[in-house]
Amino acid sequence: MHCADLPFAEDAFLERLQRWTTCESPTWDGLAIDRMLDIAARDLVLAGASVERIAGRMGFGGAVRGRFPHPKAAEPGLLVLAHLDTVHPVGTLGTLPWRRDGDRCEGPGILDMKAGACLAVQAMEELAAAGIATPLPVTILFTGDEEVGTPSTRDLIEAEARRHRFVLVPEPARLNGDLVTGRYAIARFVVTTTGRPSHAGARLAEGRSAIRAMADRIIAIEEMTTEDCTFSVGVVRGGQWVNCVATTCVAEVLSMAKRQEDLDRGVAAMLAMAGSRNGVSFDVTRGVTRPVWEPKAGTLAMVATVQRLASEMGLTIGHGSAGGGSDGNFTGALGIPTLDGLGAVGDGLHRLDEHIAIAATLQRGRLLAGLLATLM
């Protein structure tokens, strides 16, 4: 059977996807992540994998590794890498419920990236049902901290990737359906202003507001954005009493660049902002970083394989680098042939209208199965 002819049953896919999507799993909720991993682990076992649970650390949930039986199990094979955490807090189902409307299906985290993770499991099930053996052993690794930069599982991902020949990442396809063959470099920062408190009603002038100083710094940080390196402030926390001039304010900053040298200059500019002004100190702490990933020959060879499989299905698929990080940054930067953007087709990433296109997503599943059955 040709992989284009795999049934990739819609009902089975949507039944699993509904269970996974309605198990809300925001990154910062370790218990919620572990509930989601319980579901994924059970589905991996039913799909024929030998499953290991890996305990979480740093306050995050754990990970699940599923290894499928193979006569060459001791040799380097294929690693499918996916995250099951989302940016949506528990309770988002109240405003973004699981809902199907024709070819469109909505839910929190459905596109980024529970649909892609479901495709990976179903691809192995479909191949087994059709009697199609993969030339290489397949491992699926599900993690739960990607949305905050993978601080607790990067070492696990890199160690696992080094034991494999190829890495496949079923993150969402680009809007035009293209594959992702590179990703920009990313750095995160925590910045803190520390002022001087005073009574905001009786002695306002005696205080030095950390919030006001942070407001000025936010403008300065975001104005450093250029075509080569961007800066955005996504989180701000400050103050405790409305009648007290704020002593501290904390902000979180994301910087992204197409080239590592551009990010390095951005990092230097951020760190150089530390100091004091008008009685308020400004501290900058560098957080987690994703290295730039640029495609090499092994990745481009995989693209050619996907494009051949796609043409047999009447599809045309391109590829390119993308903004927004993924765990493919780490494996690609290690020089391991990595192909990203193999997952669902849809729109609304991180929004309250996040959705997939069902028929196009099932076609991606057939492509993923074809790739698993072809790479060697």
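Everything in this summary refers to the structure shown in the same document. Since this is a predicted model, take the numbers as computed values, not measurements.

As enumerated under the stated definition, the model contains 2 aromatic pairs in all. Relative to Phe142, the ring of Trp20 has its centre 5.7 Å away and its plane inclined at 85°; by these criteria the two rings are edge-to-face. Pair noted here: Trp20 is in helix α1 (residues 10-21) and Phe142 is in strand β6 (residues 138-143), with a separation of 122 residues, a long-range link. There is no split in this pair, since Trp20 and Phe142 are both buried. Its end group placed over the ring of Phe282, Arg217 keeps NZ or CZ at 4.3 Å from the ring centre.

Attention shifts here to the sheet that holds strand β5 (residues 104-106). Spatially, the 4 strands line up as an open sheet ordered β4-β5-β17-β16, and their pairing is antiparallel. If you trace the sheet from one side to the other, it starts and ends with β4 (99-101) and β16 (346-347), each paired once. Where β5 and strand β17 (residues 355-357) come together, 3 bridges link them in antiparallel fashion. By the bridge assignment for β17, Cys105 is matched with Ile356. Docked against the sheet, helix α3 (residues 110-129) engages β5, β16 and β17, running at close to 50° with respect to β17. Strand contacts of helix α9 (residues 358-372): β4, β5 and β17, with the helix running at about 70° to β17, the strand carrying the most contacts.

The subject of this paragraph is the packing of α1 against α9. When two helices pack together, their arrangement is given by the angle between their axes and by how far apart the axes lie. Across the interface, α1 lies against α9 with an axial gap of 11 Å and an inter-helix angle of 100°. Viewed along their axes, α1 and α9 adopt a mutual orientation that is roughly perpendicular. Along its contact with α1, which presents Glu10, Phe13 and Leu14, the element α9 presents Ile358, Thr361 and Leu362. Partitioning the contact of α1 with α9 into residue classes produces 4 nonpolar, 1 polar and 1 charged.

Counting buried positions along strand β11 (residues 248-257) gives 7 out of 10 residues, so the element sits mostly inside the fold. Inspection of the sheet shows strand β9 (residues 185-194) paired to β11 by 10 bridges, in the antiparallel sense. Bridge pairing in β11 links Ile186 to Met256. Here 9 bridges tie strand β10 (residues 229-238) to β11, and the two strands are oriented antiparallel to one another. Looking at the pairing, Val235 lines up with Glu252 of β11.

Scanning the entire structure with this criterion turns up 26 salt bridges. Among the salt bridges present, the one from Arg16 reaches Asp43, with a minimum N-O distance of 2.9 Å. Placement of Arg16 in helix α1 and of Asp43 in helix α2 (residues 30-46) is noted, with a sequence separation of 27 residues between them. Arg290 is paired through a salt bridge with Asp327; the nearest N and O atoms lie 3.1 Å apart. Of this pair, Arg290 sits in strand β13 (residues 280-290) while Asp327 sits in the loop between β14 (319-322) and α8 (328-333), and the two are 37 residues apart along the sequence. The class for Asp327 is buried, based on a relative accessible area of 3%.

Right, let's talk about the environment of Gly335 for a bit. Note on placement: Gly335 falls in the loop between α8 and β15 (338-339). For Gly335, a relative accessible area of 41% puts it in the partly exposed group. Placed 37 residues apart in sequence, Gly335 and Gly298 show a C-alpha to C-alpha distance of 8.7 Å.

Interhelical geometry of α1 versus α2 gives an angle of 155° and a closest axis separation of 9 Å. Taken together, the axes of α1 and α2 lie roughly antiparallel to each other. From α1, Arg16, Arg19 and Trp20 reach across to α2, where they touch Met36, Ile39, Ala40 and Asp43. Per-class residue counts for the contact of α1 with α2 are 4 nonpolar, no polar and 3 charged.

Turning our eyes to something else, we now look at the side chain of Thr21. Here Thr21 shows up in helix α1. Engagement of the side chain of Thr21 in a polar contact is seen with the backbone oxygen of Leu17, the distance being 2.7 Å.

For the rest of this paragraph, the subject is the environment of Glu312. Turning to its location among the elements, Glu312 is positioned in helix α7 (residues 297-312). Taking relative accessible area as the criterion, Glu312 reaches 41% and is therefore assigned partly exposed. When the C-alpha atoms of Glu312 and Arg364 are compared, they prove to be 13 Å apart, with 52 residues separating the residues in sequence.

Strands sit in the order β1-β2-β6-β3-β7-β15 across an open sheet of 6 strands; the sheet is mixed. Each having just a single partner strand, β1 (50-54) and β15 make up the two edges of the open sheet. Examined bridge by bridge, strand β3 (residues 77-83) and β6 share 6 bridges and lie parallel to one another. The residue of β6 that forms the bridge with Leu78 is Val138. Helix α4 (residues 154-162) contacts β1, β2 (63-67), β3, β6 and β7 (164-168) of the sheet and is inclined by roughly 175° relative to β6.

Cut-offs used in this document
What you see as residue numbers is a count from 1 along each chain, following the sequence as written. Selection of residues for local features in this predicted model requires a pLDDT of at least 70, selection of side-chain atom pairs for listing and counting requires 80 or more, and totals for whole chains, interfaces and linings are taken over all residues. With hydrogens and water excluded, all non-hydrogen atoms of the structure serve as input to the side-chain values. Each aromatic pair joins two rings of Phe, Tyr and Trp (for Trp, the six-membered one) with centres within 6.5 Å, and gets the label stacked for planes under 30 degrees apart, edge-to-face for over 60, and tilted for any other angle. Runs of E in the DSSP output that reach at least two residues are strands. Runs of H or I that reach at least four are helices, and both are numbered from the N terminus. To sort residues, take the accessible area from a 1.4 Å probe on protein chains only and compare it with the maximum for the residue type: under 20% means buried, over 50% means exposed, and anything in between is partly exposed. A positively charged side chain is recorded as over a ring if its NZ (Lys) or CZ (Arg) lies within 6 Å of the ring centre. The angle to the ring normal must also be within 35 degrees. By definition, two strands form a pair when at least two bridges between them are found by DSSP. The contact rule is simple, with two residues in contact once any of their heavy atoms fall within 4.5 Å. Note on geometry: axes are C-alpha line fits, over the in-contact stretch for helices, and angles between N-to-C directions span 0 to 180 degrees. Angular relationships are summarised with four words: roughly parallel below 35 degrees, roughly antiparallel beyond 145, roughly perpendicular across 65 to 115, and oblique for the angles in between. Ten residue types, Ala, Val, Leu, Ile, Met, Phe, Trp, Tyr, Cys and Pro, are classed as nonpolar, four, Asp, Glu, Lys and Arg, as charged, and the remainder, Gly among them, as polar. Salt bridge, as used here: a side-chain nitrogen of Lys or Arg that lies within 4 Å of a carboxyl oxygen of Asp or Glu. Under the rule applied, a polar contact is a pair of N or O atoms within 3.5 Å (in protein, one hydrogen donor and one hydrogen acceptor; residues adjacent in sequence only if both atoms are side-chain atoms).

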